[in-house]
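# Structural overview
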Amino acid sequence: MSRTLESTPTADGFWMPSELEPHAGCWMLWPERPDNWREAAQPAQRACAALAAAISRFEPVTVGVSAPQFDHARALLTHEVRVVEMSHDDCWIRDVGPTFVVNAYGDRRGVDWRFNAWGGLDGGLYFPWDQDERVARKVLELEGCDRYAAPLVNEGGAIHVDGEGTALVTEECLLNPNRNPRLRRADIERHLKAYLGVSVVIWLGKGVPYDETSGHIDNLACFVRPGEIALTWTDDRRDPQHAVSRDALDRLLDARDARGRRFNVHKLPMPGPLAITRKEAAGVVPHQGTKRRRAGDRLAASYINFYAANDGIVMPLLDRRTDRTAAARLRRLFPGRRVVGVPARELLLGGGNVHCLTQQVPAIGKRRRPAGRARA
Ligand code: KQY
């Protein structure tokens, strides 16, 4: 049972914990739309099954699958993975699922953001998106969590938190007129503070070039632990990623988190540059209103788009030239966790990656409230 609450998480003493804190499990959705995934989504389905299997080595995984795909998904997913029937428009549960919040007494609730397929009729990636809009509510119902309906168009991939009062976002995404055209930066900050329980919002500028989500933070930078951030990086000044990462680094080095700490920033090498091949583009069935996949288009590839599971890091394998270095860096950054790679080219072809395809459910347990007191 799930009630919709009129208040906000912050007013009720709830906040979003860091992804690095213990999880009860992980949710995913099953890819199937042929206008986004090549060859009737079969290569992407195999990649998602491998991702679910990798995560289920660390924590329980549930996959939401449409009725027509149920038998097929059940056959491809390992027996540890729980499969539930759930309609959706595409499989990006990071963005369409709930953002879970917790309180100091071990309770868990969920924030249901408004969703407009990354831009609505002004640059959105497909139409309609009404089934996606219901996913957060359905997940909260199945998890038995009460729901906050946030009055903000937002996506889980557009926010990272350290669990100690700090949020990380990009201007390109959250100030984009195709999300909340009537809200100014101060209004958006106010909503983030009210729904994430943070007291400090750090604004980076642009996201990874060619990212079709309008620059989600979850492809550019993430917390390694409070006070430490990983940032995708290239030294190649001719690559558009260089100026974006340089600007992000400058802003991070100037910033302080909710506890007044300066950040230690770790660079993760950028894969590629990678682009869609002719054969890959030819396997997608174009459909009016859905973003076209064209041969030669650059892909927004980044190792930052990993999932932090209990005791593990599940990272995308994207480029043989850089995978080993990226894995070694992640091992150094997360000494207590096992770093596991999953083949992720097929996921990238759909416009996102491992982090975008997953949504953690925080474990229930008593926690310390973040220091900086966010205003309700
Ligand atoms: O970055 C994400 N969180 C989602 C990527 C969505 C891509 C849609 N084609």
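Residues numbered from 1 in each chain as written. Predicted model: local features only at pLDDT ≥ 70, side-chain atom pairs only at ≥ 80, totals over all residues. Heavy atoms only, no water.

### Topic: the overall build of the chain
- Check the secondary structure of the chain and you find 10 helices and 17 strands.
- For the C-alpha atoms alone, the extent of the chain along its principal axes is close to 55 × 50 × 45 Å.
- Taking all 376 residues of the chain together, 63% fall into the buried category.
- Of the contacts formed within the chain by residues at least 6 apart in sequence, a portion of 76% connects residues at least 24 apart.
- Taken as two groups, the 54 positive and 47 negative side-chain charges of the chain have centres that lie 4 Å from each other. (Helix = DSSP H or I, 4+ residues; strand = E, 2+ residues; numbered from the N terminus. Buried < 20%, exposed > 50% of the residue type's maximum accessible area, 1.4 Å probe, protein only. Contact = heavy atoms within 4.5 Å. Lys, Arg positive; Asp, Glu negative; His and termini not counted. Charge placed at Lys NZ, Arg CZ, Asp CG, Glu CD.)

### What about the side chain of H355?
- Note that H355 resides in the loop between α10 (345-348) and β17 (359-362).
- Setting aside residues up to four positions removed in sequence, H355 forms contacts with E19, R94, H160, D218, N305 and F306.

### Side note on the sheet that holds strand β6 (residues 108-114)
- Taken in spatial order, the 4 strands line up as β1-β7-β6-β5 in an open sheet, and their pairing is mixed. Looking at the sheet topology across the chains shown, the edges are occupied by β1 (4-5) and β5 (99-102).
- Relative to strand β7 (residues 146-153), β6 runs parallel, the two sharing 5 bridges. Across the sheet, D112 pairs through a bridge with A149, a residue of β7.
- Docked against the sheet, helix α4 (residues 130-143) engages β1, β5, β6 and β7, running at close to 170° with respect to β6. (Pairing = 2+ DSSP bridges. Axes fitted to C-alpha atoms, helices over the stretch in contact; angles between N-to-C directions.)

### Quick look at the site of the ligand
- As a structural note, the neighbourhood of the ligand is formed by 14 residues, with D95, E212, H216, G350 and C356 the closest of them.
- Residue H216 places a side-chain N or O atom 3.0 Å away from an oxygen atom belonging to the ligand.
- Within the contact set of the ligand, a nitrogen atom lies 2.9 Å away from a backbone nitrogen or oxygen of G350.
- Protein contacts shield 99% of the accessible area of the ligand, which totals 300 Å² for the unbound molecule. (Near = heavy atom within 4 Å. Polar contact = N/O pair within 3.5 Å; in protein donor to acceptor, adjacent residues only side chain to side chain. Areas by Shrake-Rupley, 256 points an atom, 1.4 Å probe, with all protein chains shown as cover.)

### Re the state of the cysteines
- A full pass over the atoms with the stated rule returns 0 disulfides.
- Among the cysteines around C145, which has no disulfide bond, C26 carries the closest sulfur, lying 15 Å off.
- Unpaired in terms of disulfides, C222 finds its nearest cysteine sulfur in C356, a separation of 12 Å.
- The class for C222 is buried, based on a relative accessible area of 3%. (Disulfide = S-S within 2.5 Å.)

### So, the pattern of salt bridges
- Evaluated as defined, the whole model comprises 26 salt bridges.
- The salt bridge partner of R251 is E171, with a shortest N-O separation of 3.1 Å. Taken together, the residues R251 in helix α7 (residues 240-254) and E171 in helix α5 (residues 171-174) connect sequence positions 80 residues apart.
- Owing to a relative accessible area of 28%, R251 belongs among the partly exposed residues under this scheme.
- Among the salt bridges present, the one from R184 reaches D187, with a minimum N-O distance of 3.4 Å.
- Taking relative accessible area as the criterion, R184 reaches 57% and is therefore assigned exposed. (Salt bridge = Lys/Arg side-chain N within 4 Å of Asp/Glu carboxyl O.)

By themselves, these observations are geometric and do not establish any function.
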